Amino acid sequence: MTQTAIDLPTNARLAIADALNQCVAETAVTTMLAQNFHWNVTGMAFGPLHDLFQKIYEDHFVAQDDLAERVKMLGAHAEGTLGSMLKRSKVAEFEGKASAEQMILALKEAQETLAATLAEAGALAAEQGDTLTEDLCIARGQTHEKFAWFLRAHLA
Ligand SMILES: [Fe+2]
């Protein structure tokens, strides 16, 4: 018989949900990081960077909702406060003013961190037989690797 996420044993559901809450937290912090840079970027590359940062925060805003709603499908609590997100996120905010190059570097590192966090969550879901969460995590991880490449290409 086909098993849906809600039919998984409680400890499996909660472990996957916790990994997803980690993904939500880091995605949300990176959303704000990208929007902060979208607002404040200056220099000769203003146009393309302003647009790229917007593309990133718009993608992440949708993604954090998809990930949090997956937590709900697993029957768990979606952690939705900024304080708790900042506390657990491995991606940090950028304090103060950043040059365009510092922005690209900080956002590239955030994308790499996110790709790793999503890969970890996907592996955990796979271990527990939750193929559909695994699929979501793989898709998100691939998107973060794509953005990491876009950003890295500016630094070559
Ligand atoms: Fe804008």
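Placed above this text is the structure.
Below is a short write-up of the structure. (Residues numbered from 1 in each chain as written. Predicted model: local features only at pLDDT ≥ 70, side-chain atom pairs only at ≥ 80, totals over all residues. Heavy atoms only, no water.)

### Examining the overall build of the protein chain
Link 1 in the chain: Helix and strand counts for the protein chain come out as 5 helices and 0 strands.
Link 2 in the chain: Written out in order from the N terminus, the α and β elements of the protein chain read α-α-α-α-α.
Link 3 in the chain: Within the protein chain, counting contacts between residues at least 6 apart in sequence, those at least 24 apart form 81% of the total.
Link 4 in the chain: Accessible area of the protein chain: about 8,400 Å², with a carbon and sulfur share of 57%. (Helix = DSSP H or I, 4+ residues; strand = E, 2+ residues; numbered from the N terminus. Contact = heavy atoms within 4.5 Å. Areas by Shrake-Rupley, 256 points an atom, 1.4 Å probe, with all protein chains shown as cover.)

### Re helix α5 (residues 131–154)
Each α-helix winds once per 3.6 residues, and so residues spaced three or four apart point in a common direction.
Link 1 in the chain: If you check α5, its first and last C-alpha atoms are 35 Å apart, about what 24 residues at 1.5 Å a residue would give, namely 34 Å.
Link 2 in the chain: Looking only at α5, the buried set comprises Thr133, Leu136, Cys137, Arg140, Gly141, Thr143, His144, Phe147, Ala148 and Leu151.
Link 3 in the chain: Packing partners of the buried residues in α5 comprise α1 (10–40), α2 (46–73) and α4 (100–127). (Expected span 1.5 Å × (residues − 1). Buried < 20%, exposed > 50% of the residue type's maximum accessible area, 1.4 Å probe, protein only.)

### So, the pattern of salt bridges
Link 1 in the chain: Tallied over the full model, the rule gives 7 salt bridges.
Link 2 in the chain: Of the charged contacts, one joins arginine 88 and aspartate 18 as a salt bridge, the two residues approaching to 2.9 Å between their closest N and O atoms. Within this pair, whereas arginine 88 is found in helix α3 (residues 82–88), its partner aspartate 18 is found in helix α1, the two being separated by 70 residues in sequence.
Link 3 in the chain: Aspartate 59 is the salt-bridge partner of arginine 140, the closest N and O atoms lying 2.7 Å from each other. (Salt bridge = Lys/Arg side-chain N within 4 Å of Asp/Glu carboxyl O.)

### Focus on the packing of α4 against α5
Link 1 in the chain: Running from N to C, α4 and α5 point in directions that differ by 160 degrees, and their axes come no closer than 8 Å. Regarding the angle of α4 to α5, the classification is roughly antiparallel. Considering how the two elements wind past one another, α4 and α5 form a crossing that is left-handed. Contacts from Ile104, Leu107, Lys108, Gln111, Glu112, Leu114, Ala115, Leu118, Ala121, Gly122, Ala125 and Ala126 in α4 reach Thr133, Glu134, Cys137, Arg140, Gly141, His144, Glu145, Phe147, Ala148, Leu151, Arg152 and His154 in α5.
Link 2 in the chain: Here the residues of the contact of α4 with α5 are counted per class, giving 12 nonpolar, 6 polar and 6 charged. (Axes fitted to C-alpha atoms, helices over the stretch in contact; angles between N-to-C directions. Parallel < 35°, antiparallel > 145°, perpendicular 65-115°, else oblique. Left-handed = near helix turned anticlockwise from the far one by under 90°. Nonpolar A, V, L, I, M, F, W, Y, C, P; charged D, E, K, R; others polar.)

### A closer look at the packing of aromatic side chains
Link 1 in the chain: Per the counting criterion, the structure on display carries 4 aromatic pairs.
Link 2 in the chain: Centre to centre, the rings of phenylalanine 37 and phenylalanine 53 are 6.0 Å apart; their planes meet at 55 degrees, and the pair counts as tilted. Residue phenylalanine 37 is found in helix α1, and its partner phenylalanine 53 is found in helix α2; the two are separated by 16 residues along the sequence.
Link 3 in the chain: A residue is classified by how much of its surface remains accessible, and phenylalanine 37, at 1% relative accessible area, is buried.
Link 4 in the chain: Overall, the relative accessible area of 0% leaves phenylalanine 53 in the buried class.
Link 5 in the chain: Among the aromatic side chains, those forming a connected cluster through ring pairs are Phe37, Phe53 and Phe94.
Link 6 in the chain: Against the face of phenylalanine 147 rests lysine 146, its NZ or CZ located 5.3 Å from the ring centre. (Phe/Tyr/Trp six-rings, centres within 6.5 Å; stacked < 30°, edge-to-face > 60°. Lys NZ or Arg CZ within 6 Å of the ring centre and 35° of its normal.)

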